[in-house]
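Residue-level structural notes
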Amino acid sequence: MAFGPYFLLASLEGLVTAAVLALTALGLSLVFGVMRVVNVAHGEFFMLGAVLAWAVSTAFAGHPSVGFVAALFVAPLVVGGAALLSERLVLRRLGYDPEATIVATIGMLYIIQQLALTFYGADARPVQAPFNVRIQLPWFGYSGYKLFVIVAAIVLILAAWFVLTRTKIGLVMRATQYDRETAQAFGIPVDRVYAGVFALGAMLAAVAAVLIVPIQQAHYLMGRDPLLLSFIVVIIGGLGSLRGTVIAALLIGLSDGIISVFFSPTLAKMLATGLVAMVLVFRPQGLFGVPAR
Amino acid sequence: MTALVETRALTRHFGGLKAVESVDFRLDKGEIRAIIGPNGAGKTTFVSLICGRIAPSSGAIVFEGRDITALPAHRRVRAGIAYTFQITSIFPRLTVFDNVALSVQRRLLSAGRPKPSALKAGVGEALERVGLIDRAGTLAGNLAYGHQRLVEIAMGLALEPKLLILDEPTQGLSDGEVEGFIALVREIASDATVLLIEHNMQVVMDLARRITVMNFGRVLAEGSPEEIRANKAVQDAYLGTGSDG
Amino acid sequence: MTITTRDWALHLGVIAILLAANFLLPEYHRGVFSRVLVLAVFAMGYNLLFGYTGLLSLGHAMFFAAGLYGAGLPLYHLGWSVPVSFGTGLMAGIAVAAVVGVLALRTTGVAFMIVTMMFAQVFYLGTLYFTTWTRGEEGLVLSQAMRSVEFGGWSLNLSDPSTRYMLALALFAVVLLAMLWLVRSPFGRTLVAIRENEERMRMLGYDVFRAKLTAVVVSGVFCAAAGAAYGLLFGYVGSGFASIQYSILPLLWVLLGGAATTLGPLLGTLFMFYIIDYSSGVTSAYLLVVGVTLILLVLFFPKGLLGSVRERWLGWLP
């Protein structure tokens, strides 16, 4: 086969990766932007979403789309609830101290992983796609579901953008992000905003996981890569910037897809991680961010 | 008189804000100089440029005839420029002794491995001078505010600097403490040059032989206390912004 | 400020007790202790940076693994002797720590944590990528023959439990006393003061960057020594030791035992080993124990065992 079809395939795969990554990273970015803490357990919320999607979809008999749609609602809600609980029980008591929060969320990471291993098991399990359509492209047929994932992610990101920039909730969140004390003085319940943002961040990861799980099987260790990639995206995109996050997700997703087709995925990850570490060292405001003065 | 510090067209901009704009300044050995000016006049930025906490946008700084513009802060301290912070900056979880010992240790390290006896003697001397010798074992964070300021000054003294920069040293002190402070600075000035930023006019008039007035990042006037008191532009600047007496 | 008789008595006493343990402990527990002693060296190296200097790294597995591979690869592939391999392990640790230090120390706080984690991840992926030499996760088994030490007709069998214990203890004792000396030295005081107030230290004339870089390198060397010893004593070199989990474990051990205490790392490592050992009799949920311990520590016990002892009763503890 010639270069063309390979490249198209790699780009499409990259777009799917980018779509899911943008959603996951958006959650991490939101939490970091508003609360100024790094949630290391973010990848585990993603994994939890995928595992729950498997559980819900197998609980529903009949057409796979019924189970999928149910999972699309149930999984994020359960994950959001779990995040809310951990925020109330742990993070709030730590006063959102950045370093203590990282240590605590590492603890959460291990707990969630172990619970998944105990109750779900060490196997990777597939979830059936809600529909099975092949769309004929010039050189090959392509999964209609994967294209749906891309569209769904775009819709969700637009919705998030609308909420953040055009609604009162978004205003409250941005005010809290800008200046916690002043927001408090203006009667914004900062405490509740934090809890809500933490839950929302986890829910975004869970939605992304539900979308990806018919393509990638659910496994209790599947949270590692999304965590690392989300970090990379958030750092490159500039912390707390929605636009930067989306652009960086596209960049990383596409290059990951393309490089993985032509090179070893391990080498690709190695280079990407090293490069991003360098970005953080030499340009901590991200490639698209503005220096803080 | 020989100049200890000289700045030439020293400038620092923060984005569009001209915090310090083309300042030519000269400080002679053995002087006590006060810098005054309304809030936001660029006083702290200016002394921060001299001690190296902030890098200049342009211009040059000369210390003892040597250009130190490119020298990092810690090297300037070793060359003899000590800075005491406007907002008290000590080690609250260490004892008063250990706080000052860090200064003495730094000075002794330049001459080789510090001996414990020399360390003890150096700390004792500095604490004696500021009158905190009986508090040596107290955690610095547990001291009253006025005493914390004295720890800060003791740390500066213990470096045995040629130039001691004091950034609003009397802020938050009681009247009695201010008097003790004035006596202390006179005593310090016998072997070091003192540059202080001060809002308390009583302290300025008592201590300074010359005064530099800054406004909007520039030097507005310079002269003896009497000259400054009589200066029309200075009166306008203070009345104009309605700040500090 | 100098090392007091009391300090000497405490530390030499601990070493003496551990020496006696070689002859008193049942076989199984002597094996556990051998591992704990080597890993406690890892924890002490971590503690120098995290506890005393206040730099929280999430990438120390990289230094441990640098020692592990630095010693294991030449031994396995080139047939170098055990002492020389131990030396190359230390060299690898110095090199990696110096490079990572120069780069990562440009950042602070959360960025420092993430950068160290990412460099460690690159190192880990590297051990997987160069699988021809490392055999990735499967790892290299260093046979007993490779690990025999001979000097002039006298030979040392590193798989003999007693020899292994004594060598582990020797390394532990050297690093423990080095830590004690360091902590009581002007340099140790400099590091603690940087942790407390970095800007003030700079304005007292200290070269903060150089002090922190030295701390990273010394910490890296201790961790590499632990890694090299671990590979040579227990005969296995695998990429699992470079994974993020081995960056988290020393943090956990130090937090548990007490950050910025000389003996806390030993105590934390020992406790954690036995907590997992006993709980594994009840449940296989090893990760759960680690996770819950971490959260409980940061929530209710941030000073750890010895940190709390020092705060309440023994203010002089180094």
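Refer to the preceding data block for the structure.
The following refers to the structure shown. (Residues numbered from 1 in each chain as written. Chains lettered and ligands numbered in written order. Predicted model: local features only at pLDDT ≥ 70, side-chain atom pairs only at ≥ 80, totals over all residues. Heavy atoms only, no water.)

**Focus: the packing of aromatic side chains**
For the structure on display, the rule yields 23 aromatic pairs over all chains. Between A:F68 and A:Y145, the ring centres sit 5.9 Å apart and the planes meet at 90°, which makes this aromatic pair edge-to-face. Placement of A:F68 in helix α3 (residues 64–91) and of A:Y145 in helix α5 (residues 144–166) is noted, with a sequence separation of 77 residues between them. As far as the burial class goes, A:F68 and A:Y145 line up, both buried. Measuring from centroid to centroid gives 6.2 Å for C:F130 and C:W133, while their planes differ by 40°, and the two rings are tilted. Residue classification places C:F130 among the partly exposed positions, given a relative accessible area of 38%. (Phe/Tyr/Trp six-rings, centres within 6.5 Å; stacked < 30°, edge-to-face > 60°. Helix = DSSP H or I, 4+ residues; strand = E, 2+ residues; numbered from the N terminus. Buried < 20%, exposed > 50% of the residue type's maximum accessible area, 1.4 Å probe, protein only.)

**Comments concerning the side chain of A:K146**
Residues and elements named next belong to chain A. Among the structural elements, K146 can be located in helix α5. Classification of K146 by relative accessible area gives buried; the value is 16%. In contact with K146, other than residues within four places in its own chain, are E13, V16 and I215. (Contact = heavy atoms within 4.5 Å.)

**Regarding unusual backbone geometry**
Residue and element names in this part refer to chain B. The phi dihedral of S22 is positive, around 50°, even though this residue is not glycine. Turning to its location among the elements, S22 is positioned in strand β2 (residues 17–28). On the accessibility criterion, S22 (37% relative accessible area) is partly exposed. Despite not being glycine, E168 has its phi angle at roughly 45°, a positive value.

**What about the nonpolar core?**
Core analysis: the largest hydrophobic core is formed by 302 residues, its most contacted members being B:F46, B:L163 and C:F172. Ignoring any residue separated from it by four or fewer positions in sequence, one finds B:L163 in contact with B:L4, B:V5, B:L27, B:I50, B:F63, B:G80, B:I81, B:A82, B:T193 and B:L195. (Core = buried A, V, L, I, M, F, W, Y, C linked by side-chain atoms within 4.5 Å.)

**A few points about helix α9 (residues 224–237) of chain A**
With 14 residues, α9(A) extends 20 Å from end C-alpha to end C-alpha; this agrees with the ideal 20 Å at 1.5 Å per step. The element α9(A) is extensively covered by neighbouring structure, given that 12 of its 14 residues are classed as buried. Along α9(A), the positions that sit buried rather than exposed are A:P226, A:L227, A:L228, A:L229, A:S230, A:F231, A:I232, A:V233, A:V234, A:I235, A:I236 and A:G237. Tucked into the core, α9(A) has its buried residues touching α1 (3–35), α2 (42–59), α10 (242–262) and α11 (265–282) of chain A together with α5 (109–129) of chain C. A:G238 sits one or two residues past α9(A) and shows a positive phi near 90°. (Expected span 1.5 Å × (residues − 1).)

**Quick word on the sheet that holds strand β7 (residues 163–167) of chain B**
Residue and element names in this part refer to chain B. Overall, mixed pairing links the 6 strands, which are arranged β6-β7-β8-β3-β9-β10 in an open sheet. Looking at the sheet topology across the chains shown, the edges are occupied by β6 (81–84) and β10 (218–223). With direction set aside, neighbouring strand axes in the sheet form an average angle of 20°. Bridge count for strand β3 (residues 32–36) against strand β9 (residues 210–215) is 4 bridges, and the pairing is parallel. Opposite I36, over in β9, you have V213 as the bridge partner. Each of β3, β7 and β8 (193–197) touches helix α6 (residues 175–188); the most contacted strand, β7, lies at about 160° to it. (Pairing = 2+ DSSP bridges. Axes fitted to C-alpha atoms, helices over the stretch in contact; angles between N-to-C directions.)

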